[in-house]
Amino acid sequence: MRCPFCRHDDTQVIDSREAEDGAAIRRRRKCPSCDKRFTTYERVELTMPAVVKKDGSRAEYDRAKVRASMQLAIRKRPVSAEAMDAAIARIEYKLLAGAEREVMSQRVGELVMRELKRLDKIAYIRFASVYRSFEDIAEFRDVLEEIDSTDIKPKRKPVA
């Protein structure tokens, strides 16, 4: 590792430890030439699959686009930033686990809808109404009934 201060070619590792919940390694380094210390982080670099759009064009996977569309859906809803970050991480894990070089944009949209359904039903409906381009109220009603059927809770018995 080159020293950022004097550009010396070789530096010594003084300390290494896990950082970011095991997602990175933090290394404290010292330059033998100028005696300055600095920190580096080592992370795994994974290549996300390219996204194939409806028109056949290809684009790089863009985490910011996924985040922006999810933020629009959860706007003014009680969903924490941590919960949304975890949902995006699950989406990316599923995309990486598929080990495909390309993924259809519809697949990304379905993964986003699945995560939004887990996070907040209203956010899910908001996203689905735009993503599925509802043409009439019947399609909207179908989604609402789908949510109701999967969300049925047993009734409590009255306490005697």
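Figured I'd write up the structure that's included with this text.

## Some points on the overall build of the protein
So, point 1. When helices and strands are counted, the protein shows five helices and six strands.
So, point 2. Across the protein, helices and strands are ordered from the amino to the carboxyl terminus as β-β-β-β-β-α-α-β-α-α-α.
So, point 3. Its C-alpha atoms give the protein a radius of gyration of 23 Å, more than 25% over the compact-globule value 15 Å for 160 residues.
So, point 4. Each principal axis of the C-alpha distribution contributes one length, and for the protein these read about 75 × 60 × 30 Å.
So, point 5. Sorting the 160 residues of the protein into buried and exposed places 26% on the buried side.
So, point 6. In the form shown here, the protein has an accessible surface area of approximately 11600 Å², with 50% of it arising from carbon and sulfur atoms.
So, point 7. When the 35 basic and 28 acidic side-chain charges of the protein are each reduced to a single mean position, those positions are 5 Å apart.

## So, a negative patch on the surface
So, point 1. Together, Glu 135, Asp 136, Asp 142, Glu 145 and Asp 148 give the surface a local cluster of negative charge.
So, point 2. As for its position among the elements, Glu 145 is in helix α5 (residues 137–150).
So, point 3. Classification of Glu 145 as partly exposed rests on a relative accessible area of 46%.

## Here's the deal with the packing of helix α3 (residues 105–119) against helix α4 (residues 121–131)
So, point 1. As a packed pair, α3 and α4 sit with axes 7 Å apart at the nearest point and diverge in direction by 155°. It follows from the interaxial angle that α3 and α4 lie roughly antiparallel. Where α3 crosses over α4, the two elements pack in a sense that is left-handed. Seen from α3, the contacting residues are Ser 105, Gln 106, Gly 109, Glu 110, Val 112, Met 113, Leu 116 and Lys 117; seen from α4, they are Lys 121, Ala 123, Tyr 124, Phe 127, Ala 128 and Tyr 131.

## Remarks on α3
Residues that lie three or four places apart on an α-helix share one face, since the helix turns once every 3.6 residues.
So, point 1. In a regular helix each residue adds 1.5 Å, so 15 residues correspond to 21 Å; α3 covers 21 Å between its end C-alpha atoms and thus fits that length.
So, point 2. For α3, the set of buried residues is Val 108, Gly 109, Leu 111, Val 112, Met 113, Glu 115 and Leu 116.
So, point 3. Packed against the buried residues of α3 are β4 (50–52), α1 (63–74), α2 (81–97), β6 (102–104) and α4.

## Here's the deal with the side chain of Asp 120
So, point 1. As for its placement among the helices and strands, Asp 120 is situated in the loop between α3 and α4.
So, point 2. Here Asp 120 falls in the buried class, since its relative accessible area comes to 9%.
So, point 3. For Asp 120, the side chain forms a polar contact with the main-chain nitrogen of Ile 122, separated by 3.2 Å.
So, point 4. Contacts of Asp 120, omitting those with residues within four sequence positions, involve Arg 77, Pro 78 and Val 79.

## Here we look at the pattern of salt bridges
So, point 1. All chains considered together, the criterion is met by eleven salt bridges.
So, point 2. A salt bridge links Arg 2 to Asp 9, with the shortest nitrogen-to-oxygen separation between them at 3.3 Å.
So, point 3. A salt bridge links Glu 115 to Lys 94, with the nearest nitrogen and oxygen atoms 3.5 Å apart. With a gap of 21 residues between them, Glu 115 in helix α3 and Lys 94 in helix α2 connect regions that are remote in the sequence.
So, point 4. Glu 115 sits in the buried class, given a relative accessible area of 2%.

## Topic: the nonpolar core
So, point 1. Membership of the largest hydrophobic core comes to 25 residues, with the highest contact counts inside it found for Val 66, Met 70, Val 112 and Leu 116.
So, point 2. Elements supplying a minimum of two residues to this core: α1, α2, α3, α4 and α5.
So, point 3. Apart from residues no more than four positions distant in its own chain, Leu 116 is found in contact with Met 70, Ala 73, Ile 74, Lys 121, Ala 123, Tyr 124 and Phe 127.

Reading guide: rules and limits
- Residues numbered from 1 in each chain as written.
- Predicted model: local features only at pLDDT ≥ 70, side-chain atom pairs only at ≥ 80, totals over all residues.
- Heavy atoms only, no water.
- Helix = DSSP H or I, 4+ residues; strand = E, 2+ residues; numbered from the N terminus.
- Rg over C-alpha atoms; globule rule 2.2 N^0.38 Å.
- Buried < 20%, exposed > 50% of the residue type's maximum accessible area, 1.4 Å probe, protein only.
- Areas by Shrake-Rupley, 256 points an atom, 1.4 Å probe, with all protein chains shown as cover.
- Lys, Arg positive; Asp, Glu negative; His and termini not counted.
- Charge placed at Lys NZ, Arg CZ, Asp CG, Glu CD.
- Patch = residues over 30% accessible without salt bridge, like charges linked within 9 Å, V, L, I, M, F, W, Y side chains within 5 Å.
- Salt bridge = Lys/Arg side-chain N within 4 Å of Asp/Glu carboxyl O.
- Axes fitted to C-alpha atoms, helices over the stretch in contact; angles between N-to-C directions.
- Parallel < 35°, antiparallel > 145°, perpendicular 65-115°, else oblique.
- Left-handed = near helix turned anticlockwise from the far one by under 90°.
- Contact = heavy atoms within 4.5 Å.
- Expected span 1.5 Å × (residues − 1).
- Polar contact = N/O pair within 3.5 Å; in protein donor to acceptor, adjacent residues only side chain to side chain.
- Core = buried A, V, L, I, M, F, W, Y, C linked by side-chain atoms within 4.5 Å.

Without other data, these values stay purely geometric and don't point to any function.
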